[in-house]
Amino acid sequence: MDVREIVAQLNAAALQAVDPTPAVQAALQLDAAAGQLTIGEATLRLADYDRLFVLGAGKAGAAMALAAETVLGELESWRGGLVIVKDLPSTPGPATVELVQAGHPLPDARGVEAAQRIGALARAAGPADLVLVLISGGGSALLADPASPLTLAEVQTVTDMLLRAGATIGELNTVRKHLAALKGGQLAGRAAPATIVALILSDVIGNPLDVIASGPTVPDPTTYADAQAVLARYRLTDRMPPAVQAHLADGVAGTVPDTPKPDNPLFNRVITHLVGDNRQAALAAVATAQRLGLHATLLTTYLEGEARVVGGVLAALAKEVRASDRPLPRPACLVLGGETTVTVRGAGQGGRNSELALGAAVALAGWGPEVAVATLATDGGDGASPAAGALADGTTLARAAALGLDPHAALAANDSYTFFAALGDAVVTGPTGTNVNDLAFVLVV
């Protein structure tokens, strides 16, 4: 079996393992005869609730909403709901849950309008209501909820600057939570005193609940001062819109309330359950590699750093396997999960996964077709490109030279997708309906 076929099977197994539909169905255990709903270790009496409705945001929102409707839609208390998504499903979606498409990674007016509707629905919830909140990666941008008096344009500017500066998702969301009306636990506050059940599909390394989609239903340990520190770290403070600078300053001064903190009693009525994460996808890829006859292991789900630099590190791992059969003997597959960043300096088309692969390709030059690095954005979208990632091997640079492609120029322009698309080595999946960070496969066959 060649490298391309191996990569295709690894990708398929990883994505199947984090399919939101079975994940949500497994999380919601309904015993209609007993009148009980069990979520993880928590069991609720359905007789305690007059209404059950759904709110949510994220790239996996359509599949999560359909799964919730399948389990709970026949209950008399079911009222449907509203979920914001990046891509509308190509197959029939839920019948009773409205799906609203909005912008990502930059928020847009559609997301603002939908967020306002979600806020109004949450505010209307009472003590006899059960609110099911479906959260997945991408929710921070899709739930576009500028805090008054900030505008959408100002929040777009902040988001774009931080993305281009290479800020981590934790740093980005620290700022976004303090420019928002619903993020950072504020959706839970808006829905109080209703009971909230939050089902979360994680796209953040280590699964910090306050960072995933900016944690709309969980306590926020960060502060306005933390948000200011992020901007200062990237030397962006003076470039921020004046209204943003003023809002953060007011927050630090205490004239604007901070987001609700872990000791806030409103979270006593919130049940949180993680339904899937990067580790599940990575372990499924390991199991598939082993089934295919490769020696395979999961090295980490905490992969971070500048994408092109990380690519060189992964190439070094591949070379070590090829030279010494360490840390695994050939044929070998090392699986890594996480999320790298890109400092944008050019105007090319690409993303962190294809840029990682291009960094690996440069370092693997001359090592042959049996030494490869493949990357996958599990949501199917790699930055400003239609690809999910790319495949690089020891022949990539030679094949590129034959086509007149310059890998160093592509890196300088952040044009990695164009480079791999010309070679036929871009990995294209289309929107997958899930989102649990990225995966990288180091293959030596």
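Analysis parameters
Residues numbered from 1 in each chain as written. Predicted model: local features only at pLDDT ≥ 70, side-chain atom pairs only at ≥ 80, totals over all residues. Heavy atoms only, no water. 1 Å grid on protein atoms, 1.4 Å probe; cavity = no way out; pocket = protein on both sides within 12 Å on 5 of 7 lines; lining within 4 Å. Points joined across faces, edges and corners; volume = space filled by probe spheres on them. Helix = DSSP H or I, 4+ residues; strand = E, 2+ residues; numbered from the N terminus. Nonpolar A, V, L, I, M, F, W, Y, C, P; charged D, E, K, R; others polar. Pairing = 2+ DSSP bridges. Axes fitted to C-alpha atoms, helices over the stretch in contact; angles between N-to-C directions. Contact = heavy atoms within 4.5 Å. Phe/Tyr/Trp six-rings, centres within 6.5 Å; stacked < 30°, edge-to-face > 60°. Buried < 20%, exposed > 50% of the residue type's maximum accessible area, 1.4 Å probe, protein only. Core = buried A, V, L, I, M, F, W, Y, C linked by side-chain atoms within 4.5 Å.

A. Fine view of the layout of surface pockets. Each pocket or cavity is described by its volume, and for the largest pocket that value is around 1200 Å³. Lining the largest pocket are 48 residues, with His104, Pro105, Leu163, Arg352 and Gly383 sitting closest to its centre. Mapped onto the lining of the largest pocket, the elements with two or more residues apiece are helix H5 (139-142), helix H6 (152-165), helix H7 (169-177) and helix H13 (352-364). At 5 residues, H7 tops the list of elements feeding residues into the lining of the largest pocket. Split into classes, the residues belonging to the lining of the largest pocket amount to 15 nonpolar, 20 polar and 13 charged.

B. Representation of the sheet that holds strand S6 (residues 97-101). Across the sheet, which stays open at both edges, the 6 strands sit in the order S6-S5-S4-S7-S8-S9 with parallel pairing between neighbours. With partners counted over all chains shown, the strands left at the sheet margins are S6 and strand S9 (270-276), one partner each. Neighbour-to-neighbour, the strand axes of this sheet turn through a mean angle of 15 degrees, independent of strand direction. Each of strand S4 (51-57), strand S5 (78-85), S6, strand S7 (129-136), strand S8 (195-201) and S9 touches helix H3 (residues 61-72); the most contacted strand, S7, lies at about 145 degrees to it.

C. Here's a closer look at the packing of aromatic side chains. One pass over the full model with this rule turns up 1 aromatic pair. Taking 5.3 Å as the distance between ring centres and 85 degrees as the angle between the ring planes, the aromatic pair formed by Phe419 and Phe420 counts as edge-to-face. With relative accessibility at 3%, the residue Phe419 sits in the buried group.

D. How the structure looks around the pairing of S8. Judged by how many residues are buried, S8 sits mostly within the fold: 7 of 7 residues are covered. Here S8 shows no split at all, with Thr195, Val197, Leu199 and Leu201 on one side and Ile196, Ala198 and Ile200 on the other all buried. Sheet topology places S7 next to S8; 7 bridges connect them, and they run parallel. Bridge pairing in S8 links Ile135 to Ile200. Relative to S9, S8 runs parallel, the two sharing 6 bridges. If you follow Val197 over to S9, its bridge partner there is Ile271.

E. Inspection of the nonpolar core at higher detail. Grouped together as the largest cluster of nonpolar side chains are 59 residues, with contacts concentrated most on Leu28, Leu72, Leu132, Leu134, Leu199 and Leu443. For this core, the leading source of residues is H3, giving 7 residues. Residue contacts for Leu199: discarding those within four places in its chain leaves Val24, Ala27, Leu28, Ile39, Met64, Leu132, Val133, Leu134, Ile135, His273 and Val275. Core analysis: the second largest hydrophobic core is formed by 32 residues, Ala57, Ala114, Val131 and Leu143 among them.

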